[in-house]
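# An overview of the molecular structure
The primary structure of each chain is shown beneath.
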Amino acid sequence: MRTVIVVGGSAAGLAAVQALRAEGYRGRILVVGAEPHLPYDRPPLSKGFIADNLPFEHVRLSEPALLNELGAEWLIPARACELDLDRRMLRLEAGDRLGFDGLILATGVSPRVFPGPRPNGVYTLRSLDDAAALRTALGSAPQVAVIGTGVLGMEFAATARKLGLDVTVIGNAPHPLARQFPAAIGNLLAARHRAAGVMLRLEVQVAGFEEKGGHLSGVRLADGDIVPAELALVAIGSQPDVDWLRTSGLPIGDGILCDACCRAAPGVYAAGDVASWWHSGYGARLRIEHRMNATEQAGATVKNLLGAAEDFRPIPFMWSDQHDIKLQSYGIFPDDGEVEIEGDMASGRFVALCHNQGRVVGALGWNAVKALRQSRMRLVEAMEGIRLDELQLTVG
Ligand SMILES: Cc1cc2nc3c(=O)[nH]c(=O)nc-3n(C[C@H](O)[C@H](O)[C@H](O)COP(=O)(O)OP(=O)(O)OC[C@H]3O[C@@H](n4cnc5c(N)ncnc54)[C@H](O)[C@@H]3O)c2cc1C
């Protein structure tokens, strides 16, 4: 193999380049990245980057010297806009055509937005540039509305509150993180946010934005109420960046549809948030938008591109930091799972085990990093017997 192209120069893209070199690949590597920045880490963007005003150096994923040593060519900013599988050719928006022997697609996701016009003061958060703009805008926005009760929305609410702002979170779910965790955990999280001064408007729809002179003045709810706000973050989920691939002949659905080895076509693999692959352990298709998965999956795709043919079957892992809580979880949390608490919920340090059909299928640590690690092995052992299509699951 003489040339490998990696599309997407972020967490999964960089991990793919590192894995290629670590596996002994000495050929040409081209990285096509749409953003004007070398790889940086997104998790701090909703946390310390804004709350503690961290500099860019703090979020970059590799020191420039180490990046150089990898010997890859970084084409940034450059956007891939067409893939010709027969000719094994990638076209960039600027017109260049790049030939490849191997291709790794790591284009991630983009935030969902509300249809229709949005006044100044309404933001989404995905990129470093988004975070920098938000950081500046928060300085002149005493009242903040967060639309969406998922991980991103709740983290941003905690961050804005830390800055001393009035924060209201609006969502149609009954509790925060409803797509990830059972009500017992979500309600506890809601209580922690309320104790920190965050207002929660749950089980309500957003009807639109109010504006004065072109700038946001409030968020209008379906019940007629208006939540006053000079700044709103829309955090209502994301969609895989696959539009440019729709004419390529690759299987596209909710992401790039891959087999158990993360292969979408001969010599073409996908990794990270954009990859929807067959998890042979769970017997189901998964697409995971979490940081650890991006790195692990990129490593797996590289091995398979170089000939390994191994199924990628991780135990899903995520973490989130909100106020003084470090949440971490392994596995899955079916809607009908039974929750067993190890430790004392009131102490602010415990592990919640999720049982389904007599097995532990998910484990969540609430400020319990060490104890959670010990639960992981139980999940690995239980995974073989689990069939996701038999569970009531809201896949997050
Ligand atoms: C604010 C924030 C906080 C987060 N916090 C956590 C957390 O606490 N814990 C956790 O587990 N996960 C967290 N995540 C999720 C985690 O950051 C992602 O799972 C991870 O970044 C996925 O990496 P990726 O490389 O697959 O995709 P991305 O990081 O999205 O990178 C994809 C790259 O591809 C580029 N691209 C897209 N289309 C093209 C194209 N056509 N041509 C060229 N380039 C293209 C994009 O511009 C982007 O640079 C957070 C995400 C955000 C945004």
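Residues numbered from 1 in each chain as written. Predicted model: local features only at pLDDT ≥ 70, side-chain atom pairs only at ≥ 80, totals over all residues. Heavy atoms only, no water.

### Here we look at the pairing of strand β14 (residues 215-221)
The following threshold applies: A pair of strands is treated as paired once DSSP finds two or more bridges between them. Helical segments are the DSSP runs of H or I of at least four residues, strand segments are the runs of E of at least two, and each set is numbered from the N terminus.
Alignment of strand β13 (residues 206-212) against β14, held across six bridges, turns out to be antiparallel. Each residue of the ladder has a partner; that of Val-206, found in β14, is Leu-221. Hairpin geometry of β13 and β14 is characterised by an intervening segment of two residues between the two adjacent antiparallel strands and by a positive phi of about 60° at Gly-213. Judged from the three bridges that link them, β14 and strand β15 (residues 226-228) form a sheet pairing that is antiparallel. By the bridge assignment, Arg-220 is partnered in β15 with Ile-226.

### Notes on the site of the ligand
Quick note on the threshold: Distances are taken per atom, and a residue is near a molecule or strand as soon as one of its heavy atoms is within 4 Å of it. Two N or O atoms count as a polar contact when they lie within 3.5 Å, although within protein this holds only if one can serve as hydrogen donor and the other as acceptor, and sequence-adjacent residues are included solely when both atoms are side-chain atoms. Note on areas: these come from Shrake-Rupley sampling with a 1.4 Å probe, and a residue is covered only by the protein chains present in the view. Asp, Glu, Lys and Arg are counted as charged, while Ala, Val, Leu, Ile, Met, Phe, Trp, Tyr, Cys and Pro are counted as nonpolar; the rest, among them Gly, fall into the polar class.
What surrounds the ligand is a group of 34 residues, the closest being Glu-35, Arg-42, Lys-47, Arg-126 and Asp-273. One nitrogen or oxygen atom from the side chain of Glu-155 is found 3.5 Å from an oxygen atom belonging to the ligand. At 3.3 Å, a backbone N or O of His-290 approaches an oxygen atom of the ligand. Burial of the ligand by the surrounding chains reaches 95%, relative to a free accessible area of 1000 Å². If you list the elements that add at least two residues to the shell around the ligand, you get α1 (11-22), α5 (151-162) and α7 (291-305). In the shell around the ligand, the residues fall into 16 nonpolar, eight polar and 10 charged.

### Observations concerning the sheet that holds β13
Threshold: Each axis is a line fitted through C-alpha atoms, taken for helices only over the stretch in contact, and angles between the N-to-C directions span 0 to 180 degrees.
Taken together, the three strands give an open sheet; going across it, the order is β13-β14-β15, and neighbouring strands pair in antiparallel fashion. Because the sheet does not close on itself, it has two edges, and the strands there are β13 and β15. Each neighbouring strand pair of the sheet contributes to a mean axis angle of 30°, computed without reference to strand direction.

### As for the pattern of salt bridges
For clarity, the cut-off: Whenever a carboxyl oxygen of Asp or Glu lies within 4 Å of a side-chain nitrogen of Lys or Arg, that contact is scored as a salt bridge. Think of it in three bands: with a 1.4 Å probe and only protein chains considered, a residue is buried below 20% of the maximum accessible area for its type, exposed above 50%, and partly exposed in between.
Applying the stated criterion across every chain yields a total of 18 salt bridges. The salt bridge involving Arg-87 is made with Asp-84; its shortest N-O contact spans 2.9 Å. Judged by its relative accessible area of 22%, Asp-84 is partly exposed. Linking Arg-220 and Glu-210 is a salt bridge whose minimum nitrogen-to-oxygen distance equals 2.5 Å. Of this pair, Arg-220 sits in strand β14 while Glu-210 sits in strand β13; the two residues are 10 residues apart in sequence, bridging distant segments of the chain. What emerges from the salt-bridge pattern is a single network uniting Arg-201, Asp-223 and Asp-225.

### Here we look at the packing of aromatic side chains
Applicable threshold: Here a Phe, Tyr or Trp ring, Trp counted by its six-membered ring, pairs with any other such ring whose centre lies within 6.5 Å, and the pair is stacked when the planes are under 30 degrees apart, edge-to-face when over 60, and tilted otherwise.
The tally for this structure, following the rule as stated, stands at five aromatic pairs. Between Trp-277 and Phe-312, the aromatic rings sit 5.1 Å apart at their centres with planes inclined by 40°, giving tilted as the arrangement. Taken together, the positions of Trp-277 in strand β22 (residues 275-279) and Phe-312 in the loop between α7 and β24 (317-322) put the pair 35 residues apart, joining distant regions of the chain. By the burial criterion, Trp-277 is buried, and Phe-312 matches it. Aromatic side chains Phe-350 and Trp-366 sit 5.4 Å apart centroid to centroid with 20° between the ring planes, which places their arrangement in the stacked category. Of this pair, Phe-350 sits in strand β27 (residues 349-356) while Trp-366 is found in strand β28 (residues 359-366), placing the two residues 16 residues apart along the sequence.

### Here we look at α7
Operational definition: Any helix carries an expected span of 1.5 Å times its number of residues minus one. Pairs of residues are marked as contacts when any of their non-hydrogen atoms sit within 4.5 Å.
A rise of 1.5 Å per residue sets the reference length of α7, with its 15 residues, at 21 Å; its end C-alpha atoms lie 21 Å apart and thus fit the reference within 8%. Looking only at α7, the buried set comprises Asn-293, Ala-294, Gln-297, Ala-298, Ala-300, Thr-301, Val-302, Asn-304 and Leu-305. Next to the buried residues of α7 lie β1 (3-7), α1, β7 (102-105), β21 (268-270) and β22. Following α7 by one or two positions, Gly-307 adopts a phi angle in the positive range, close to 115°.

### A word on unusual backbone geometry
Glycine aside, residues mostly have negative phi angles, and peptide bonds mostly take the trans form. The amide bond that connects Ile-76 to the next residue, Pro-77, takes the cis arrangement and shows omega of -15°. A positive phi angle, near 55°, is found at Leu-177, a position not held by glycine. Tracing the backbone shows Leu-177 in the loop between β11 (166-170) and α6 (183-195). Of note in the backbone geometry, Cys-262 takes a positive phi value of approximately 70° without being a glycine. If you trace the backbone, Cys-262 turns up in the loop between β19 (255-258) and β20 (263-265). Relative accessible area serves as the criterion here: at 0%, Cys-262 is assigned to the buried category.

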